[in-house]
Amino acid sequence: MKNITIYNHDLWDHGISQGYSVNGTIYISGQFSHDTEGTFVGDGDIEAQAQQTLKNLDGVLEKFGATRSNLAYMEIYLTNAEEHTEPVLRLFKEYVGQHRPAGSLIGVTYLASPEQLIEISAIAHAN
């Protein structure tokens, strides 16, 4: 029998879940830099957007009783990879600490919201 848990944030209903867990594997939808009230954070500031996006990732992990150390894979999308890779990787390394999940950093033309410079999705495991 499958053990399935779904987490939806009250502010966003786009037809997908913020997180979906099947048998201890947690799939986390792409996170943006909006705070818990839905306010966009960091207009034009990649570091502010990255920090808020990682904070949102923490929030989804928490809903499943997981932490950063449970991350198995992270996918980071950047609209300006040439300029933003270095600061984002610095923040990413601070975020994961000694933990080293697998991952990809992908340059894209645009994201769902035009003001967004970064989106992060992830796969984690339950304890």
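Every chain is numbered on its own, with residues counted from 1 as its sequence reads. Under the rules for a predicted model, residues below a pLDDT of 70 receive no local features and side-chain atom pairs below 80 are neither given nor counted, while totals for whole chains, interfaces and linings still include all residues. Where side-chain values are given, they derive from all heavy atoms of the structure, hydrogens and water being excluded.

- You'll find the protein chain entered in an unreviewed UniProt entry as 2-iminobutanoate/2-iminopropanoate deaminase, with Lysinibacillus sphaericus given as the organism.

**Observations concerning the packing of helix α1 (residues 46-63) against helix α2 (residues 81-96)**
- Only the stretch in contact is used when fitting a helix axis, every axis being a line fitted to C-alpha atoms; angles between N-to-C directions are given from 0 to 180 degrees. A run of H or I in DSSP counts as a helix once it spans at least four residues, and a run of E counts as a strand once it spans at least two, with each numbered from the N terminus. Interaxial distance between α1 and α2 falls to 10 Å at its minimum, and their mutual angle equals 35 degrees. Of the two elements, α1 crosses α2, and the hand of that crossing is right-handed. In this structure, α1 uses Ile46, Glu47, Ala50, Gln51, Leu54, Leu57, Asp58 and Leu61 to contact α2, whose residues at the interface are His84, Pro87, Val88, Arg90, Leu91 and Tyr95.
- The nonpolar class holds Ala, Val, Leu, Ile, Met, Phe, Trp, Tyr, Cys and Pro. Asp, Glu, Lys and Arg form the charged class, and all remaining residues, Gly among them, are polar. A class-by-class count of the residues in the contact of α1 with α2 yields nine nonpolar, two polar and three charged. Whether a crossing is left-handed or right-handed is set by the direction in which the near helix is turned from the far one by less than a right angle, anticlockwise for left-handed and clockwise for right-handed. For this analysis, residues touch if any pair of their heavy atoms sits within 4.5 Å.

**What to know about α2**
- Along its length, α2 shows its largest kink, about 25 degrees, at proline 87.
- Partly exposed residues are those whose accessible area sits between 20% and 50% of the maximum for their type, while under 20% is buried and over 50% is exposed, using a 1.4 Å probe and protein chains only. Taken residue by residue, α2 has His84, Pro87, Val88, Leu91, Phe92, Tyr95 and Val96 as its buried positions.
- Looking one or two places after α2, you find glycine 97, whose phi comes out positive at around 60 degrees. Working definition for bend: take the seven residues up to and ending at a residue and the seven starting at it, fit an axis to each, and measure the angle between the axes.

**Here we look at the pairing of strand β6 (residues 118-125)**
- Within β6, six of the eight residues are buried, which leaves it mostly tucked inside the rest of the structure.
- Here, a strand pair is defined by DSSP locating no fewer than two bridges between the strands. Strand direction decides the pairing type here: strand β3 (residues 25-31) and β6, joined by five bridges, are antiparallel. From the neighbouring strand, threonine 25 faces β6, where its bridge partner is histidine 125.
- Relative to β6, strand β4 (residues 71-78) runs antiparallel, the two sharing seven bridges. Looking across to β6, one finds that tyrosine 77 is bridged to glutamate 119.

**Points about empty space enclosed by the protein**
- Only protein atoms enter the 1 Å grid used here, on which a cavity is any set of points holding a 1.4 Å probe that cannot leave and a pocket is any open set flanked by protein within 12 Å on both sides along at least five of seven lines; residues with an atom within 4 Å of a point are listed as lining. Grid points are joined across faces, edges and corners, and a volume is the space filled by probe spheres set on the points. Counted under the stated rule, the structure contains one cavity of 30 Å³ or more.
- Size it by volume and the largest cavity reaches roughly 30 Å³.
- Around the largest cavity, the lining residues are Ala50, Leu54, Met74, Ile76, Val88, Phe92, Ile118 and Ile120.
- Contributions of two or more residues to the lining of the largest cavity are made by α1, β4, α2 and β6.
- Split into classes, the residues belonging to the lining of the largest cavity amount to eight nonpolar, no polar and no charged.

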